[in-house]
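Now for the letters of each chain:
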Amino acid sequence: MQITTRTIFISLMAVLHITAAAYNLQYQMPTVDTDGRIWNFSATEQLDRPAAKYDLYGDTLLSEVVNGHRSWYLMASDSVHFIREESALMEAIPTDMLPSAAFRSDKMAGEQQFESRGVYCKSSDIIEQGIYATEMPRQGFILLADGDTVTADMTVEHRRFVAVISRKDITLSLDSVTATDTLSIFGITRYRWFVDESLYPAAIQIENHEYDTVGRVISEFSAAYTTSSEDLRNRAQSFKRNRSPNISIEYSDGKLNIKTDNDSVVNISIDITDSSGILYMHDEIQVSAGNPTSLNGVPLPHGQYLATVSSPNTEPAKVWFSVR
């Protein structure tokens, strides 16, 4: 028997009846400019619509419900996959699980083609074909109402696809679409912000666009959900107290200078990746207490780089640095 994404989902739901954890984003704010690295959360207020809701089944299946639309993700220790979407009107499952960096799985970032199949209004078939893409987490700062800031990582998840709804069984490609079928082009983007080690984001912004076949807008929707400013600050401060030592990185003329605020000698593992996730360096070194450690002969082209530093019994620390 061929093991499909649908088979995996049904099998997991059969055994994971208990919700291990739940988290809601019960505040709203104006949509955020996502181009930079400073994100304005200063105008939050209580939601006037249902909250964004997260449920974790066992430690394997994560459900995210935003604006009446549920997305499912398969969670593993070193990977995340998008596996299903559903609403009151439809359900669709990708024919293959889609690797995703939506929840900060750095090595899963990238772009791939996908096809999903499912049911619309219990009476029609639906097929989606397009691109699924997620980006490396982008580190920046959330601006709160009192002018204070908290450090955050932002992830981007995007799908652009053609969707066909038909009352006949869709067994061929989209080339078989007829005038009696309904065809639309969708662009769906979700931005998520994380301020601590929790699986659950501290905020999410959704941007949905539907177009006809000549590019005219059929519908648009955007909204941003978050938690309270007090909760954002508390989560970030708690994470800062419990995280691994602060890391500073400087790069000049092929030399990488690493400094931590640890109070003793510590062995660390360091990975250097570029903004697209390509690994440029992996090394294991010993860092002295408070004193910079230099690595020579590390040629890096101009660009932005992520240093991931791990030490025994601590969470990995991540810091972005530039090479000019």
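Residues numbered from 1 in each chain as written. Predicted model: local features only at pLDDT ≥ 70, side-chain atom pairs only at ≥ 80, totals over all residues. Heavy atoms only, no water.

1. Comments concerning the overall build of the protein chain
Helix and strand content of the protein chain: two helices and 24 strands. The burial tally for the protein chain puts 46% of its 324 residues in the buried class. Contacts in the protein chain between residues at least 24 apart in sequence constitute 56% of all its contacts with a sequence separation of at least 6. (Helix = DSSP H or I, 4+ residues; strand = E, 2+ residues; numbered from the N terminus. Buried < 20%, exposed > 50% of the residue type's maximum accessible area, 1.4 Å probe, protein only. Contact = heavy atoms within 4.5 Å.)

2. Here's the deal with the confidence of the model for the protein chain
For the protein chain, the average pLDDT comes to 82, and 81% of its residues sit at 70 or higher. Overall, residues 176-180 carries pLDDT values under 50, and its contacts beyond four positions in sequence, including any with other chains, amount to five contacts. (pLDDT = per-residue confidence, 0-100.)

3. Some points on unusual backbone geometry
Within the chain, Arg104 stands out as a residue other than glycine whose phi angle is a positive 75°. Take Arg104: it is sitting in the loop between β10 (98-99) and β11 (110-120). The phi dihedral of Cys121 falls on the positive side, at around 55°, and the residue is not glycine. If you trace the backbone, Cys121 turns up in the loop between β11 and β12 (124-134).

4. Points about the nonpolar core
In this structure, Leu25, Tyr54, Leu62, Tyr73, Phe103, Ile204 and Tyr225 are the most contacted members of the largest nonpolar core, which totals 26 residues. Ranked by the residues each element gives to this core, the list is headed by strand β5 (residues 52-57), at three residues. (Core = buried A, V, L, I, M, F, W, Y, C linked by side-chain atoms within 4.5 Å.)

5. What to know about the sheet that holds strand β23 (residues 303-310)
Pairing in this open sheet of four strands is antiparallel, and the strands run β21-β20-β23-β24 from one edge to the other. Strands with a single pairing partner mark the edges of an open sheet, and in this sheet they are β21 (279-287) and β24 (317-323). On average, adjacent strands in this sheet sit at an angle of 25° to one another, irrespective of strand direction. (Pairing = 2+ DSSP bridges. Axes fitted to C-alpha atoms, helices over the stretch in contact; angles between N-to-C directions.)

6. Comments concerning the pairing of strand β16 (residues 203-211)
Relative to β16, strand β15 (residues 182-194) runs antiparallel, the two being bridged by nine bridges. When the sheet's bridge partners are listed, Tyr191 is paired in β16 with Gln205. Note that β16 and strand β17 (residues 217-226) share nine bridges and pair antiparallel. Along β17, the bridge assignment pairs Ala203 with Thr226. Between β16 and β17, which pair antiparallel one after the other, the connecting turn spans five residues, and Gly215 there sits at a positive phi close to 90°.

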